[in-house]
Amino acid sequence: MQTTNLQIAPGGVKPVIHVSQYDIGRQFSLRLFDGSLPYTPPTGALIFINGEKPDGKGFSYTDNVSVDENVVTITTTIQMTLLEGTARCELRLY
């Protein structure tokens, strides 16, 4: 499983995670940091992965996202990988 650091503070470098078309069920993890400190979402927070596919249609999922301390693990779905090209995604915490 691929693990990538994700800086939640403004100005952080946005990571690129390469996933092939139709790559369903693949897991990757994001280690959250606020500056140099690990960031653990508050208990009870909902974490969504929102994205926009190359055709301009969006998706939003929370049921394929899990959290363990400062590590968020995402499992790809058919809608995330349906089209060839780049899907721009973001994590949203509520």
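Residues numbered from 1 in each chain as written. Predicted model: local features only at pLDDT ≥ 70, side-chain atom pairs only at ≥ 80, totals over all residues. Heavy atoms only, no water.

A. Focus on the packing of aromatic side chains. As enumerated under the stated definition, the model contains two aromatic pairs in all. Geometrically, the ring pair formed by F48 and Y94 is edge-to-face, given 5.4 Å between the ring centres and 85° between the ring planes. Of this pair, F48 sits in strand β4 (residues 47-52) while Y94 sits in the segment after β8 (88-93), and the two are 46 residues apart along the sequence. For the pair F59 and Y61, a centre-to-centre distance of 5.9 Å together with 35° between the ring planes defines the contact as tilted. (Phe/Tyr/Trp six-rings, centres within 6.5 Å; stacked < 30°, edge-to-face > 60°. Helix = DSSP H or I, 4+ residues; strand = E, 2+ residues; numbered from the N terminus.)

B. Molecular detail of the sheet that holds β4. As summarised here, the arrangement of the three strands in space is β5-β4-β8, forming an open sheet in which the pairing is antiparallel. Looking along the sheet, the strands with just one partner apiece sit at the ends: β5 (58-61) and β8. Going across the sheet, the axis of each strand differs from the next one's by a mean of 20°, ignoring polarity. (Pairing = 2+ DSSP bridges. Axes fitted to C-alpha atoms, helices over the stretch in contact; angles between N-to-C directions.)

C. Region of interest: the pattern of salt bridges. Applying the stated criterion across every chain, the model contains two salt bridges. R26 is paired through a salt bridge with D23; the nearest N and O atoms lie 3.7 Å apart. The class of R26 is partly exposed, set by a relative accessible area of 23%. Notably, a salt bridge pairs E90 with R92, separated by 2.9 Å at the nearest N-O pair. (Salt bridge = Lys/Arg side-chain N within 4 Å of Asp/Glu carboxyl O. Buried < 20%, exposed > 50% of the residue type's maximum accessible area, 1.4 Å probe, protein only.)

D. Broad picture of the environment of V19. Within the fold, V19 resides in the loop between β1 (2-7) and β2 (27-34). Using a relative accessible area of 30% as the deciding quantity, one classes V19 as partly exposed. Taking the C-alpha atoms as reference points, V19 and T86, 67 residues apart in sequence, are found 9.2 Å from one another. If we ignore the near neighbours within four places in the chain, the residues touching V19 are R26, T76 and T81. (Contact = heavy atoms within 4.5 Å.)

E. Main features of the pairing of β2. As defined by bridge partners, β1 adjoins β2 across six bridges and the pair is classed as parallel. Looking at β2, one finds that Q2 is bridged to F28. The pairing of β2 with strand β7 (residues 71-75) spans five bridges and is antiparallel. The residue of β7 that forms the bridge with S29 is T73. In this structure, β2 lies alongside strand β3 (residues 37-38), joined through two bridges in antiparallel fashion. Across the sheet, F33 pairs through a bridge with P38, a residue of β3. Here β2 folds back onto β3 in antiparallel fashion, the turn holding two residues, of which G35 has a positive phi close to 70°.

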